[in-house]
Amino acid sequence: MLNKDYIVENLKKQIADFKSKTETKNVGKVVEIGDGIAKISGLSEIMMSEMIEFKTSAGSVFGLALNLEEDIVGAVILGEYKKIKEGDEVTCTKRILEVPVGESIIGRVIDPLGRPLDGKSEIVAEKFYPVEKVASGVISRETVNQPVQTGIKAIDAMIPIGRGQRELIIGDRQIGKSAIAIDAIINQKGQNMKCIYVAIGQKEAKIAGIVAKLEETGAMDYTTIILAGASTPPSLLYIAPYAGCAMAEYFLDKGEDVLIIYDDLSKHAVAYREISLLLRRPPGREAYPGDIFYLHSRLLERACKLNKEYGGGSITALPIIETQAGDVSAYIPTNVISITDGQIYLEPDLFYQGNRPAISMGISVSRVGSTAQLKAMKKVAGKMKLEAAQYRELAAFAQFGSDLDPETKSKLERGKRLMEILKQDQFCPLPVVNQILIFFALTKGLLDEVAVDKISEFETGLYKYAQNSGSQILKEIMEKKDLDENLEKKIEELVKDFKATL
């Protein structure tokens, strides 16, 4: 039997050891809920873009604070909003929205919050990076001078992309915008480049096909796919590109090179418009909110080439924009054109004529230009962009006149061969050394006697012949990355030797 003194002594000891813990929480209540948007009262200490937690009967749901008004906070729900009801308790997490980053995301298909969608194990994060971050300043940057070889002849020769550049891919739907981006990813094999493909509002069946193709070509070994599908809530569509950029910045900070594709920013802008209108923000042109330009500029400015003092890494961005009936002057296309360092414009007429990729040389431009090209490519492809644009003008003009002078005729013949060379099948990126070889043959007039319908056959044969009989010449081109007089003679002899075998 316990005696009285023992109980008293024990109680005194417990009272002496007692330490009170006080925890302060900023708690609010849901005032209004609907369409993935919650209006909350009582969160007086909340930060912009802070994650908030909704306590519901079915468990916790997270949201993101976007509107900070005098009495009310407007938030988007990151997930299933139907579980939340009016009167539910909301608490601040004191954390800005972050995503997992690190080597563990490579080769995976994930959602914008870093959760796996490929049925494999959970992502083990090395670190968490904030989704929103201020872009690198001028002092830490370096001029873009290293090429990103896409393997697409028309781009590498005439609209070169450099590491750290933002090059827009723009055109109507279903004419090969995503195909260019996927080919660029496939061509990065062995180029020491990580790739991130952000699918915004895309059909999940289409992305499944892309994943299968990347796995087949071995490109998934260095690629991450961030999928915010067509059935995903607008809040996740809005976050997706920023999450992708945060994941790319992890590799940038390590001094590595990253290629990131945003497919596409038109759907991103539409998702942000939906969120803004539901939050009762005042609409502007085409019902987009006033900060729609800033939405994309703060994303694309994070693509950069850092100098050696800051690690020397780079993020190259290929944003994609879908136009309606070729209207490049619409609101979102003009915004993104003004932010990027050039655009690759895909033309429906060219696509339907069988010129694929259907790149319009007249409107397409790279503002970095030949500074991001190998010297050898610069020498052989210098005047070709002008020739391609002139050929289209002359071809339209020649339809009406039968009597053409010899110079115009020779330009038309050369142009026909150039257009034939620029045709390329999907998923067949071409090594840069082969591109230099065929463009050299064209510019030196070595293809002038080859019939136009035989050009494709000639090209394939030339690559095989060069691989077997001219491997030393190809090696020399890649080592020197330039063409001197002696090397030019060797290439010319190689092409002539191949022509003699036909």
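Let me begin by describing the structure that accompanies this report. Remember, it's a predicted structure, so these values are computed and weren't measured experimentally.

1. Some thoughts on the side chain of Thr56
Along the chain, Thr56 falls in strand β3 (residues 50–56). A relative accessible area of 13% means that Thr56 is categorised as buried. Within the structure, Thr56 has its side chain in polar contact with the backbone oxygen of Gly59 (distance 2.4 Å). The contact partners of Thr56, leaving out residues within four places of it in the chain, are Val61, Lys83, Ile84 and Asp88.

2. Some words on the layout of surface pockets
Here the largest pocket is characterised by a volume of approximately 710 Å³. The wall of the largest pocket is formed by 31 residues, among which Gln174, Gly176, Lys177, Ser178 and Ala179 lie closest to the centre. Elements represented by at least two residues in the lining of the largest pocket include exactly α3 (177–186), α4 (204–216) and β14 (314–322). A class-by-class count of the residues in the lining of the largest pocket yields eleven nonpolar, eight polar and twelve charged.

3. Let's talk about the packing of aromatic side chains
Each pair of aromatic rings is reported with the distance of its centres and the angle of its planes. On inspection of all chains with the given rule, the structure shows eight aromatic pairs. Residues Tyr288 and Tyr331 carry aromatic rings whose centres are separated by 5.9 Å and whose planes lie at 55° to one another, so their mutual orientation is tilted. With Tyr288 in the loop between α6 (265–278) and α7 (292–300) and Tyr331 in helix α8 (residues 331–339), this residue pair connects regions lying 43 residues apart in the sequence. The pair formed by Tyr288 and Tyr331 is uniform in burial state, with each residue classed as buried.

4. Considering empty space enclosed by the protein
Tallied over the entire structure, the rule returns three cavities of 30 Å³ or more. Roughly 80 Å³ of internal volume is contained in the largest cavity. Ser49, Leu64, Leu66, Ile96, Leu97, Val131, Glu132, Tyr238, Ile239 and Tyr242 together form the lining of the largest cavity. Of all the secondary-structure elements, those providing two or more residues to the lining of the largest cavity are β4 (59–68) and α5 (234–253). Considering every element that reaches the lining of the largest cavity, the biggest residue donor is α5, with three residues. Partitioned by chemical class, the residues of the lining of the largest cavity number eight nonpolar, one polar and one charged. When its volume is computed, the second largest cavity comes out at roughly 70 Å³.

5. Thoughts on the environment of Glu103
Note that Glu103 resides in the loop between β7 (98–101) and β8 (109–110). When the C-alpha positions of Glu103 and Thr224 are compared, they lie 10.0 Å apart, and in sequence the two are 121 residues distant. Apart from residues lying up to four places away in sequence, Glu103 is in contact with Glu126, Lys194, Tyr250, Phe251, Lys254 and Glu256. There is a polar contact of 2.8 Å between the side chain of Glu103 and the side chain of Lys254.

6. A closer look at the sheet that holds strand β6 (residues 89–96)
If you walk around this closed barrel you meet the six strands as β1-β2-β5-β4-β3-β6, and the pairing is antiparallel. Between one strand axis and the next, the sheet turns by 45° as a mean value, whatever way the strands run. With five bridges joining them, β3 and β6 adopt antiparallel strand pairing. Looking across to β6, one finds that Glu50 is bridged to Ile96.

7. Observations regarding a nonpolar patch on the surface
A surface patch of nonpolar side chains, amounting to about 420 Å² of accessible area, comprises Tyr6, Ile7, Leu11 and Ile15. When its relative accessible area of 47% is taken as the criterion, Tyr6 is described as partly exposed.

8. Here we look at α6
Helix length check: α6, at 14 residues, gives a terminal C-alpha distance of 20 Å against a target of 20 Å (1.5 Å per residue), a fit within 8%. The set of residues buried in α6 consists of Leu265, Ser266, His268, Ala269, Ala271, Tyr272, Ile275 and Ser276. A positive phi of about 65° marks Arg280, the residue just after α6.

9. So, the side chain of Ser366
Tracing the backbone through its elements, the reader meets Ser366 in strand β16 (residues 365–366). Given the relative accessible area of 10%, Ser366 is considered buried. Those residues in contact with Ser366 that lie beyond four places of it in its chain are Ile159, Pro160, Gln165, Glu167, Asp341 and Gly342.

10. Observations concerning unusual backbone geometry
A cis amide bond, omega -5°, links Asp263 with the succeeding residue Asp264. Tracing the backbone through its elements, the reader meets Asp264 in the loop between β13 (257–263) and α6. Residue Pro357 is bonded to the preceding Arg356 through a cis peptide linkage, with omega at 0°. Along the chain, Pro357 falls in the loop between α9 (348–352) and β16. Despite not being glycine, Lys94 has its phi angle at roughly 60°, a positive value. Turning to its location among the elements, Lys94 is positioned in strand β6. At Glu286, a residue that is not glycine, the phi angle is positive and equals roughly 55°. Here Glu286 shows up in the loop between α6 and α7.

11. A look at the sheet that holds strand β12 (residues 223–228)
Strand order in this open sheet of eight strands is β8-β12-β11-β13-β14-β10-β15-β16, and the pairing throughout is mixed. Pairing within the sheet leaves two strands with one partner each, and these edge strands are β8 and β16. By the bridge criterion, four bridges tie strand β10 (residues 168–171) to strand β15 (residues 342–346) in an arrangement that is parallel. Along β15, the bridge assignment pairs Ile169 with Ile344. Along the sheet, α8 contacts β10, β14 and β15; its crossing angle with β10, the most-contacted strand, is approximately 155°.

12. Some points on the pairing of β13
In terms of burial, β13 is largely enclosed, as seven of its seven residues are buried. In β13, alternate side chains face the same way, and those of Asp257, Leu259, Ile261 and Asp263 on one face and Val258, Ile260 and Tyr262 on the other are all buried. Bridge analysis of strand β11 (residues 194–200) against β13 gives six bridges, and the strand direction is parallel. Considered in β13, the bridge of Ile196 is made with Ile260. Pairing geometry for β13 and β14, over six bridges, is parallel. Paired with Ile261 across the strands is Leu318, a residue of β14.

What counts, and where the lines are drawn
- Residues numbered from 1 in each chain as written.
- Predicted model: local features only at pLDDT ≥ 70, side-chain atom pairs only at ≥ 80, totals over all residues.
- Heavy atoms only, no water.
- Helix = DSSP H or I, 4+ residues; strand = E, 2+ residues; numbered from the N terminus.
- Buried < 20%, exposed > 50% of the residue type's maximum accessible area, 1.4 Å probe, protein only.
- Polar contact = N/O pair within 3.5 Å; in protein donor to acceptor, adjacent residues only side chain to side chain.
- Contact = heavy atoms within 4.5 Å.
- 1 Å grid on protein atoms, 1.4 Å probe; cavity = no way out; pocket = protein on both sides within 12 Å on 5 of 7 lines; lining within 4 Å.
- Points joined across faces, edges and corners; volume = space filled by probe spheres on them.
- Nonpolar A, V, L, I, M, F, W, Y, C, P; charged D, E, K, R; others polar.
- Phe/Tyr/Trp six-rings, centres within 6.5 Å; stacked < 30°, edge-to-face > 60°.
- Pairing = 2+ DSSP bridges.
- Axes fitted to C-alpha atoms, helices over the stretch in contact; angles between N-to-C directions.
- Patch = residues over 30% accessible without salt bridge, like charges linked within 9 Å, V, L, I, M, F, W, Y side chains within 5 Å.
- Areas by Shrake-Rupley, 256 points an atom, 1.4 Å probe, with all protein chains shown as cover.
- Salt bridge = Lys/Arg side-chain N within 4 Å of Asp/Glu carboxyl O.
- Expected span 1.5 Å × (residues − 1).

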